[in-house]
Amino acid sequence: MPRSVGRLPADDCTNGWSALLPARTPRAPLQENLTVDWLVIGGGYAGIAAARQLARQQPRASIALMEAGVIGENASGRNSGFAIDLPHASGSSPDLMEQGRRAIHVGRFALDELNSLVQEHGIECDWELRGRYHVAVTPNVAEQSLKTYIHNLEAWNEPHQWLSRADLRERLGTDYYYAGIYTPGTYLMNPAALVRGLADSLPLQVRLFENSPVIEAQLNGEAPYVRSAQGSIRAGKAILAVNAFSQSFGVYRDCQIPVLLFASLSPVLSDSQIASLGSDATWGLTPAHGVAGSTLRLTRDRRLMIRQGFEYSPELRTSERRRAKAKAMSQKLLRRRFPQLGAIELEHFWMGWLAVSHNHAPAFGQIAKHAYAVSCCNGSGIVRHTAAGMLIADFALGQNNPLIDDFLAQGKANYIPPRPLRDIGVGLALAWTVWRGRAEQ
C-alpha cells in the first residue's frame, strides 16, 4: 500500500550561506508521470553522489533525482562548510583504532571525489584546503579528549600539531581555548555553493526535479513508486537519501535521532577587526566536546560563522521563542571568544537538522526488494554522505566495492526504543551531556 509522506522539515528560509550567493533558477518541478530505471529521492550530498555514480556505472540508464525544495536550501547547504578527512574522535582500543583507520580511507576517497568535481566543473564555492583546529576550552576536556585524539593520530601516522592557548591566540586571535590540535587535511567552503555546483554539473541523463516534495510513496514491491503534487515516478529501483526525514517514509525510524542546530554569520569584519585577530586569513575549528561546544569559522570573505545548539528534535520543528534564544546565545558565545571585536552583530541566522545514531554508525542498506536507503551522517555530512551516496549506488548495482566494508566497519546504526520512551531517554541524555559540558560552551 502507498504511504502518505508527512510534512517537511520546517525550513526557516534564512540560510545565510545561500544568501551570500548569486540568484539561481531552480530546475522545474515534476509535472508529468514518468517511468525510469532509477529514482533517487533527496538532493543533498548523498542523493547527488548516488545519482552521479549511477550515471557513471550505467550511462544508458534513465535516472530521476527528486528534491523537495531548492538545492542548497536543504540541510546540505546549511552545515558549517567543513569537509573533514579524519574521524572527529575515536577510542583507543585496537578495534576502534582500526575502525578509525578505515574511516580515514573512506573520507579520503570522498574528498578526492569532491576535489576532482570542484576542479573539473569550476564550482565556485570558496573551496580551499585549510586544515582544522580541534579545540578544548577547559584542561579537563583537553586531557580527556584531545590527548586521546593525539594518541590516535600518532597511531594512524597522521600529521598534526599540538597548540597551546598562546599558539591559538597567535593564529586565531582568541584566548578562549586552553589547547587544540591542528590537522592539515580539511577543506573549507560555502556548502550551499558546493551542493548547488554538484547538482548543476550532474550528467545530462540525470533529470533533476526541484520543489517536488513526495506526498505518497510505495518503496516496496516490484516497482517503487512516488507521487508529488503534479506528477509521479515509477522506477526499476529507488534510493532514499533524505537523512533525518526518512522517518516520514517509514524508514530507519528505529535507529536515528534527528538533532537541531543553529548557525549564524556576522557581517563582513572591518580592517581593524581583522587586524585584531590572528595570523590565519581563514580558518575553521571544531569543538572537542561535540555536544556542548561550538563550531567556528573565519570565512574567506571575512565573516565569523558560529554553529551551536545540539538538541533532540523528533518533529523537525522548533518555535520562534527557541530560535530567538539560540540567536542571542550565538551572539553571546562570539563575544565571549572575541571581546576585542566589540558588539558583534549577526547578519544571518538559520537552523538545520542532522541525523545521528546511538552508536555513531551509518544507516545504510536495502530496505525493500528494489529500494535502498542511507542516513545518519553523524555530523560529518559533506564527506560521509558523499561517500554514502556513491557506495549505496554501487551496493544497489551489485558492485563489489571494498570501500563498502570500510564504510560499515563500525557496523550499522543500532536500535533505539520507540517514542515516547525515546523522547524521554534521548532528551534527558542530551540535556545531561550539555549540562556536564557547559564549561565548553
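Computed from a prediction, not measured in an experiment: that's the story for all the values here. (Residues numbered from 1 in each chain as written. Predicted model: local features only at pLDDT ≥ 70, side-chain atom pairs only at ≥ 80, totals over all residues. Heavy atoms only, no water.)

**Student:** Sorry, what's going on with the overall build of the chain here?
**Tutor:** Counting its regular elements, the chain contains 11 helices and 20 strands. A globule of 441 residues ought to have a C-alpha radius of gyration of about 22 Å, and the chain, at 21 Å, matches this closely. Looking at the 441 residues of the chain, the share that counts as buried comes to 58%. Considering only contacts within the chain whose residues lie at least 6 apart along the sequence, 77% involve residues at least 24 apart. On the chain, roughly 18100 Å² of surface is accessible, and the fraction owed to carbon and sulfur atoms is 51%. Taken as two groups, the 45 positive and 39 negative side-chain charges of the chain have centres that lie 5 Å from each other. (Helix = DSSP H or I, 4+ residues; strand = E, 2+ residues; numbered from the N terminus. Rg over C-alpha atoms; globule rule 2.2 N^0.38 Å. Buried < 20%, exposed > 50% of the residue type's maximum accessible area, 1.4 Å probe, protein only. Contact = heavy atoms within 4.5 Å. Areas by Shrake-Rupley, 256 points an atom, 1.4 Å probe, with all protein chains shown as cover. Lys, Arg positive; Asp, Glu negative; His and termini not counted. Charge placed at Lys NZ, Arg CZ, Asp CG, Glu CD.)

**Student:** Quick question: what am I supposed to make of unusual backbone geometry here?
**Tutor:** Note the cis peptide between R419 and P420, where omega equals 5°. Assignment of secondary structure puts P420 in the loop between α10 (402-407) and α11 (421-436). Positive phi, normally seen in glycine, also occurs at C376, with a value near 65°. The residue C376 is located in the loop between β20 (371-375) and α9 (381-397) in this model. Of note in the backbone geometry, N378 takes a positive phi value of approximately 55° without being a glycine. Within the element layout of this structure, N378 appears in the loop between β20 and α9.

**Student:** Quick question: what am I supposed to make of the environment of D95 here?
**Tutor:** By the secondary structure assignment, D95 is in helix α3 (residues 94-121). Since its relative accessible area comes to 59%, D95 is described here as exposed. It is 9.6 Å that separates the C-alpha atoms of D95 and A409, two residues lying 314 residues apart in sequence.

**Student:** Could you clarify how one ought to interpret the sheet that holds strand β16 (residues 295-298) in this entry?
**Tutor:** Pairing between the strands of a sheet comes from backbone hydrogen bonds, and it takes one of two forms, parallel or antiparallel. An order of β7-β8-β6-β15-β16-β17-β14-β18 is seen for the 8 strands of this open sheet, with the pairing classed as mixed. Only two strands of the sheet have a single partner each, and these edge strands are β7 (161-164) and β18 (348-356). Averaged over all neighbouring strand pairs, the angle between strand axes comes to 20°, with direction disregarded. Inspection of the sheet shows strand β6 (residues 132-136) paired to strand β8 (residues 179-183) by 5 bridges, in the antiparallel sense. Residue pairing for β8: A136 is matched across the bridge by A179. (Pairing = 2+ DSSP bridges. Axes fitted to C-alpha atoms, helices over the stretch in contact; angles between N-to-C directions.)

**Student:** Is there a simple way to explain the side chain of S266 in this structure?
**Tutor:** Looking at where S266 falls in the secondary structure, it is placed in the loop between β14 (257-265) and α7 (271-275). Here S266 falls in the buried class, since its relative accessible area comes to 0%.

**Student:** What is the right way to read the nonpolar core from this model?
**Tutor:** Nonpolar side chains in soluble globular proteins generally cluster together in the buried interior. W127 and L194 are the most contacted members of the largest nonpolar core, which totals 58 residues. Here the element with the most residues in this core is α9; it accounts for 9 residues. Contacts of W127, omitting those with residues within four sequence positions, involve A83, L111, L114, N115, V118, Q119, Y187, L188, M189, L194 and R300. Counting 38 residues, the second-largest nonpolar core is a separate cluster that includes L34, I41, L316 and A368. (Core = buried A, V, L, I, M, F, W, Y, C linked by side-chain atoms within 4.5 Å.)

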